[in-house]
Amino acid sequence: MFITIDGPDGAGKTTAAQKLASSLSEKNEIFYTSQPSNSKYGAEIRRLLANTPSPDPRKMTGLFIADRAEHIKSEIKPRLDRGIWVVCDRYKYSTIVYQQIQGISKQSLIEGNQGFLIPDVVFILTVSRVEQLLNRIQSREKSLELFETREIMEKTLMLYAQMPECFPDENIHMIDAGGSADISVKQMLAKLNT
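So, how was this worked out
- Residues numbered from 1 in each chain as written.
- Predicted model: local features only at pLDDT ≥ 70, side-chain atom pairs only at ≥ 80, totals over all residues.
- Heavy atoms only, no water.
- Helix = DSSP H or I, 4+ residues; strand = E, 2+ residues; numbered from the N terminus.
- Buried < 20%, exposed > 50% of the residue type's maximum accessible area, 1.4 Å probe, protein only.
- Areas by Shrake-Rupley, 256 points an atom, 1.4 Å probe, with all protein chains shown as cover.
- Axes fitted to C-alpha atoms, helices over the stretch in contact; angles between N-to-C directions.
- Parallel < 35°, antiparallel > 145°, perpendicular 65-115°, else oblique.
- Contact = heavy atoms within 4.5 Å.
- Nonpolar A, V, L, I, M, F, W, Y, C, P; charged D, E, K, R; others polar.
- Core = buried A, V, L, I, M, F, W, Y, C linked by side-chain atoms within 4.5 Å.
- Salt bridge = Lys/Arg side-chain N within 4 Å of Asp/Glu carboxyl O.

Glancing now at the overall build of the protein chain. The helix and strand tally for the protein chain stands at nine helices and five strands. Overall, the protein chain shows an N-to-C arrangement of helices and strands of β-α-β-α-α-β-α-α-β-α-α-α-β-α. Residues classed as buried in the protein chain amount to 46% of the 194 residues present. Entry remark: accessible area of the protein chain is about 9700 Å², with carbon and sulfur atoms responsible for 49%.

Listed below in structure tokens is the structure:
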């Protein structure tokens, strides 16, 4: 089974994804991974995000797509083929949301991500108030990144809410992440057990 967890910064996505993987590992062999991956493309993405105030959107889109293709080929698909469950923190939905904010058209982003492995289940963590995301990010005691302003985060929430409409044939569940990561994981486990 291929499970992806996505959502805006501050939604508790990484913590919830790790806890979900840990919980599922009681009954299944689990591979936990994330995007950008550890490929050369993922390394370049992290370098650009850390060192460039406004990375070129087209270059970033190409890097995310190349990283995703390599990640699926070298890490995700081989494990799925061996019956290992994969839990992936971020997937194509992040690229489609964040690169739209940088000015790339939604249609070109959807087309650029066609042909990739479709997850069995997609969980998108969301909250009703942007303040909650900002408070969580500020509590990390690190400087705000490119996409971590109120205006951009409001747009991010709106674009994530459109993902089920963008991919009507995919098994996408919106998860209320207003509470703790444990509460988010309980919601995800309930969906997996239905």
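Right, let's get into the packing of helix H3 (residues 57-81) against helix H4 (residues 92-101). H4 packs onto H3 with a crossing angle of 175 degrees between their chain directions and a minimal axis gap of 11 Å. Between H3 and H4, the angle falls in the class roughly antiparallel. Contact residues: Pro57, Met60, Thr61, Phe64 and Arg68 in H3; Lys92, Thr95 and Gln99 in H4. Classifying every residue of the contact of H3 with H4 by side-chain character gives three nonpolar, three polar and two charged.

Core analysis: the biggest nonpolar cluster contains 25 residues, and Tyr93, Val97, Tyr160, Met163, Phe167 and Ile172 have the highest contact counts within it. If you list the elements that add at least two residues to this core, you get H3, strand S3 (85-89), H4, helix H5 (106-112), strand S4 (121-126), helix H7 (150-161) and helix H8 (163-166). With five residues, the single largest contributor to this core is H4. Setting aside chain neighbours within four positions, we find Phe167 in contact with Lys92, Tyr93, Ile96, Ile110 and Ile172.

This model, assessed by the stated rule, comprises eight salt bridges. One salt bridge in this structure joins Asp9 and Arg90, with 2.6 Å as the shortest N-O distance. Of this pair, Asp9 sits in the loop between strand S1 (2-6) and helix H1 (13-24) while Arg90 sits in the loop between S3 and H4, and the two are 81 residues apart along the sequence. By relative accessible area, Asp9 is classed as buried at 15%. Across the salt bridge formed by Glu44 and Lys59, the nearest N and O atoms sit 4.0 Å from each other. Here Glu44, found in helix H2 (residues 40-51), pairs with Lys59, found in helix H3; they are 15 residues apart in sequence, far enough to count as distant. In this structure Glu44 comes out as partly exposed when scored by relative accessible area, which is 22%. By relative accessible area, which is 43% here, Lys59 ends up partly exposed. Here the salt bridges share partners, and the residues they tie into one network are Asp6, Asp9 and Arg90.

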